[in-house]
Amino acid sequence: MRRLLCVHILVCCLGMAHPFCPSQCTCVFHGRTDGTGSRTVLCNDPDMSDIPVNVPVDTVKLRVEKTAVRRIPTEAFYYLVDLRYLWITYNSITSVDTGSFYNLKVLHELRLDGNMISMFPWESLKEMPRLRTLDLHNNRLTAVPTEAIPFLINITYLDLSSNRITTLPSELMDIWPPFSGVPISTNASQKVVLGLQDNPWYCDCRISKMIEISKMTDSPVILMDLFLSCSGPENLAGVLFQRAELDNCVKPSVMTSATKITSPLGSNVLLRCDATGFPTPTLYWAKSDGSTVNNTVQESPGDGIRWSIISLTGILYKDAGNYSCKAKNVAGDAEATISLSVAGTMSTTMPPLTPSNSTGPTSQGTTLSFLTDIPNLSAATSTAPPRTSTIISAVPKRPKTTPYNIVQKGSLKQGKNQQGSNGRKLAADEKSKKSNASKSVKDFKIVEETASSAVLLWTADGLPNDVPLTVVYSPYGEDDSKRTVETNAGSGKVFLEGLSSGMRYSVCLVAKGGAVGKDPCVDFYTLDSIEDSGQSQLLVIISGIACALVLPLIVLLIYKILALYCKGSTPDLEGEELEKESYVKFETISMKQRTLNSHPTELWARRQTNESERMLLCSRSSIDSQMTYKSDSSRSEYLC
C-alpha cells in the first residue's frame, strides 16, 4: 500500500512539473483553449558560445540570435522531434557539420542568415524531407554545386542574396517551371520565391535561364528583386538582367532524318539526328521507357553543330518504339522523337513428328497426314501459313479408339520396327566403313616444311577415291584454334598454309564421323622465318662494322694517354733544356777612363759579370729603360 502511494505522488509531481528551460534562454508556452499548445525557445545571450543542449523536447520553434556561437555540431537537435522552425541568425557561425540537422523530420523552416558560412553542407538537407524555406542570405557563399540540386527540389523559398556567388549551374533552373516541363499553374501555393540580389553575377550562358526568368511577366518563379544586374563581363557590367543580351548563347535545336520508320523484321536500321546551338550541345538517345541507348556514334564537324547516329542490327519486335534524341547545353535543351515500327513475321522450322500411340491436337493451320505406304513412312509433315507460327500443344489428348485407328496403330508399329531394323543395319555399315577408312590410311607424314606452310602426304590402301576426309591441324596443345581442310582419300596430298614460323603443329586425318582418337595424327615443326634470320645476319654485320670503326679509336686513345703519362714522368730533363734555352750570357759595358794617349773613339770596355749582377741589371733595365739622361758623360746602358 505504501509503494502504491509513493508511485501516485511521483506521477502527480511529474504532471505538475514544467519542462526545464536553459539558463541563457527564454521559454514561452503558447496554450490553446483545447489544452494543446506549442513552445518557443529564444536564446539571445551575447555570452553564449555553444548551441544549448537542454532545450525542452516539446519545442516547436527555436531561435538562437545574436550570440557568439561559431559552430553547429553534429546531431545538435536530434532530440527535438517536434521542431518545425529553426532560426540561427546573426551569430558568428562559420562551420556547419553534415549531420547537424539529423532527425529533424518535420522541420519546415531553416534560417541561417547573418552568419559567416562559406561552405554549406547541402547533403544535410536530405535529413529534412519537409523543409520548404531555406534562408542563407548575408553569408559568404561563393557557389552552389551541381550536387546540391536534388536536395532543392522541394524548396519553395530560397534566399541566396548578399553572398559572393557569381554563377549558378544551369541545371538548377531545370527543377522549376517553366524549364522543368511541368505545366505552369496559377496557384499561388505552387510559386517559388528566389532571393538572388546583391551578388556579383557574371552574365554568360550559364545563367541565361535566370536572365530569361527575369524577363518573364508571368512566371511561377518569383524574384525578390527584379532589378538584378551583371558585374561581368566588362561589356555587360552594370547592365540589368532585363536588358542583358548574351552573345553566342543559343538554345539547342534538334532535327531528325524522319519521324516514323517501318522496317522488316531482322533488318538493320540507322536513326540519325542533328542538333545546333551554342555552346555546342551534347546529344544522347533514350527509349520510351526512359532507358538510354549506348550503341551510338557522335561527331561535331564544327562549333555549334553535332550529329548522332543509332545503329540497330537485326531488329526484333522488342526494338520497336519511340527513340528520343535529346540535346542540351547551358542555354537550354530540346529533343525530337523517331517512331520505329517492325513489320513482318519470323518463320519457325518444326522438327519432324514421330508417330506414336497417342497423337496430340495441333493448332489451327497445322495439318498432320499419315501415309499408307509403311516402308516409306518416316514422319508426319507439318505445314504452317505464312503469317502464323506453328504451335504444338504441350498436353496431348488420347483420341477415341476406332477400327481405323487400330489398323493404323498396327501398321505404324510394324513400320517402326522395320524402320528401326533398317536404321540399325545402315548405321552398322556406316560405322564399319568409317572404321575401315581410318585404318586404311598409310604413310601419313609431313614433307616440305617451310616457315608458313607444309605438305601432308598419305596413301589410301583399299579405299575408294571419293571417300571424304577432313584434315584437322592446329598449334600443338591449342585445340581452340583448329583449322580444317576438306579433301578425299584419292588426293593423297594436302597443302597446309597460313602457319606461323618456328612453331610445333599437330595434324590429323579424320574420316567423316570416325571414332574419336582413332584417326592418324602427326606432329611437325615449321622453319624459322627467313626474315628473322636475315635481320639477325644484318645485325651481326652492323655490329662487326661498328667494332672495326671503334677499335682503332680506342687504341689511339690508349696511345695518347700513355704518351702523356711518359712525358709527365721526365720533368727534370725538360727543365734543364728549358734553362739552357732561356738564359743567355750577360755582359756589362762600362766606360773607360779618358787618357791623353788613347784613341777618342774607344770609349767602351767589356768585362764578365756574375749571376747576381746579371739579375740586377735586368731589373734596373726594366726601370731605367724609359729615363732620359741629361748628358752623354753620365749615360749608362744595360742590356739584358
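No experiment lies behind these values; they were computed from the predicted model shown. (Residues numbered from 1 in each chain as written. Predicted model: local features only at pLDDT ≥ 70, side-chain atom pairs only at ≥ 80, totals over all residues. Heavy atoms only, no water.)

A. Just a nonpolar patch on the surface, in detail. Taken together, the side chains of Ile541, Ile545, Leu549, Val550, Ile554, Ile558 and Leu562 make up a nonpolar region of the molecular surface, amounting to roughly 660 Å² of accessible area. Mapped onto the secondary structure, Ile541 falls in helix α4 (residues 530-568). (Patch = residues over 30% accessible without salt bridge, like charges linked within 9 Å, V, L, I, M, F, W, Y side chains within 5 Å. Areas by Shrake-Rupley, 256 points an atom, 1.4 Å probe, with all protein chains shown as cover. Salt bridge = Lys/Arg side-chain N within 4 Å of Asp/Glu carboxyl O. Helix = DSSP H or I, 4+ residues; strand = E, 2+ residues; numbered from the N terminus.)

B. Quick peek at the sheet that holds strand β21 (residues 441-447). If you walk across this open sheet you meet the three strands as β21-β22-β25, and the pairing is antiparallel. Both edges of this open sheet fall to β21 and β25 (493-497), since each of them pairs with a single strand only. Between one strand axis and the next, the sheet turns by 15° as a mean value, whatever way the strands run. Where strand β22 (residues 453-460) lies against β25, five bridges are found, and the strand directions are antiparallel. Note that in β25 the partner of Leu457 across the bridge is Lys493. (Pairing = 2+ DSSP bridges. Axes fitted to C-alpha atoms, helices over the stretch in contact; angles between N-to-C directions.)

C. Up close: the sheet that holds strand β14 (residues 269-278). Taken together, four strands build an open sheet; the order of strands is β12-β14-β18-β17 and the sheet is antiparallel. Strands with a single pairing partner mark the edges of an open sheet, and in this sheet they are β12 (250-256) and β17 (296-302). When the angles between neighbouring strand axes are averaged without regard to direction, this sheet yields 20°. In this structure, β14 lies alongside strand β18 (residues 305-312), joined through eight bridges in antiparallel fashion. Bridged to Thr276 within β18 is Ile305.

D. Here's a closer look at the side chain of Asp159. In this fold, Asp159 is placed in strand β9 (residues 157-159). Put simply, Asp159 is tucked away with no salt bridge, and the nearest opposite charge, on Arg111, sits 6.2 Å away. Separated by 2.7 Å, the side chains of Asp159 and Ser161 make a polar contact. (Buried < 20%, exposed > 50% of the residue type's maximum accessible area, 1.4 Å probe, protein only. Lys, Arg positive; Asp, Glu negative; His and termini not counted. Polar contact = N/O pair within 3.5 Å; in protein donor to acceptor, adjacent residues only side chain to side chain.)

E. Quick look at the packing of aromatic side chains. A full pass over the atoms with the stated rule returns three aromatic pairs. Centroid distance Phe120 to Trp122: 5.0 Å. Interplanar angle 75°. Geometry classified as edge-to-face. A single burial state applies to Phe120 and to Trp122, both of which are buried. Over the aromatic face of Trp87 sits the side chain of Lys61, whose NZ or CZ is 4.0 Å from the ring centroid. Sitting over the ring of Trp307, Arg272 keeps its end group 4.8 Å from the ring centre. (Phe/Tyr/Trp six-rings, centres within 6.5 Å; stacked < 30°, edge-to-face > 60°. Lys NZ or Arg CZ within 6 Å of the ring centre and 35° of its normal.)

F. Geometry of unusual backbone geometry. Here the bond from Gly232 into Pro233 is cis, since omega is 0°, no more than 30 degrees from zero. Mapped onto the secondary structure, Pro233 falls in the loop between β11 (221-223) and β12. Omega for the peptide link from Phe278 to Pro279 comes to -5°, which places this bond in the cis form. If you trace the backbone, Pro279 turns up in the loop between β14 and β15 (282-287).

G. Examining the state of the cysteines more closely. Following the criterion strictly, the structure yields five disulfides and no others. Between the sulfur atoms of Cys21 and its disulfide partner Cys27 the distance amounts to 1.9 Å. Disulfide Cys21-Cys27: the torsion about the S-S bond is 90°, which places it as right-handed. Cys203 shares a disulfide with Cys230; S-S distance 1.9 Å. On the sign convention where negative means left-handed, the S-S torsion of about -100° between Cys203 and Cys230 marks this disulfide as left-handed. One end of the pair, Cys203, is in the loop between β10 (192-195) and α2 (208-214); the other, Cys230, is in the loop between β11 and β12, and 27 residues separate them in sequence. (Disulfide = S-S within 2.5 Å.)

H. Local environment of the pattern of salt bridges. On inspection of all chains with the given rule, the structure shows twelve salt bridges. In this structure, Asp523 engages Arg504 in a salt bridge whose closest nitrogen and oxygen atoms are separated by 3.0 Å. Separated by 19 residues along the polypeptide, Asp523 in strand β27 (residues 521-525) and Arg504 in strand β26 (residues 504-511) bring together distant segments of the chain. A residue is classified by how much of its surface remains accessible, and Asp523, at 37% relative accessible area, is partly exposed. On the basis of relative accessibility, which here comes to 29%, the residue Arg504 falls in the partly exposed class.

I. Spotlight on the environment of Leu136. Assignment of secondary structure puts Leu136 in the loop between β8 (133-135) and β9. Taking relative accessible area as the criterion, Leu136 reaches 1% and is therefore assigned buried. Between the C-alpha atom of Leu136 and that of Arg111, which follows or precedes it by 25 residues, the distance is 6.6 Å. Setting aside anything within four residues of it in sequence, one finds Leu136 in contact with Leu112, Phe120, Trp122, Leu141, Asp159, Leu160 and Asn163. (Contact = heavy atoms within 4.5 Å.)

J. Local environment of the side chain of Asn163. Here Asn163 is to be found in the loop between β9 and β10. Judged by relative accessible area, Asn163 falls into the buried class, the value being 6%. In this structure the side chain of Asn163 is engaged in a polar contact, spanning 3.3 Å, whose partner is the backbone nitrogen of Asn139.

K. Molecular detail of the confidence of the model for the chain. Within the chain, residue pLDDT values average 75, and 66% of them lie at 70 or more. Across residues 619-640, where pLDDT falls below 50, the model places 18 contacts with residues more than four positions away in sequence or in other chains. (pLDDT = per-residue confidence, 0-100.)

L. Here's a closer look at the pairing of strand β23 (residues 468-475). The element β23 is largely enclosed, with a buried count of seven among its eight residues. Here β23 pairs with strand β24 (residues 483-488) via six bridges, running antiparallel. Within β24, the position partnered with Thr470 by the bridge is Glu486. Here β23 pairs with β26 via seven bridges, running antiparallel.

M. Summary view of the environment of Cys203. Cys203 sits in the buried class, given a relative accessible area of 4%. Placed 27 residues apart in sequence, Cys203 and Cys230 show a C-alpha to C-alpha distance of 5.8 Å. Discounting residues that sit within four places of it in the chain, Cys203 has contacts with Ile211, Cys230, Gly232, Pro233, Leu236, Phe241 and Leu246.

N. Focus on the nonpolar core. By size, the foremost hydrophobic cluster in this structure holds 63 residues, and its most contacted members are Phe77, Leu86, Phe101, Phe120, Trp122 and Leu134. Where this core is concerned, the elements lending two or more residues are β2 (37-43), β3 (59-65), β5 (85-89), β10, α2 and β11. Here the element with the most residues in this core is α2; it accounts for three residues. (Core = buried A, V, L, I, M, F, W, Y, C linked by side-chain atoms within 4.5 Å.)

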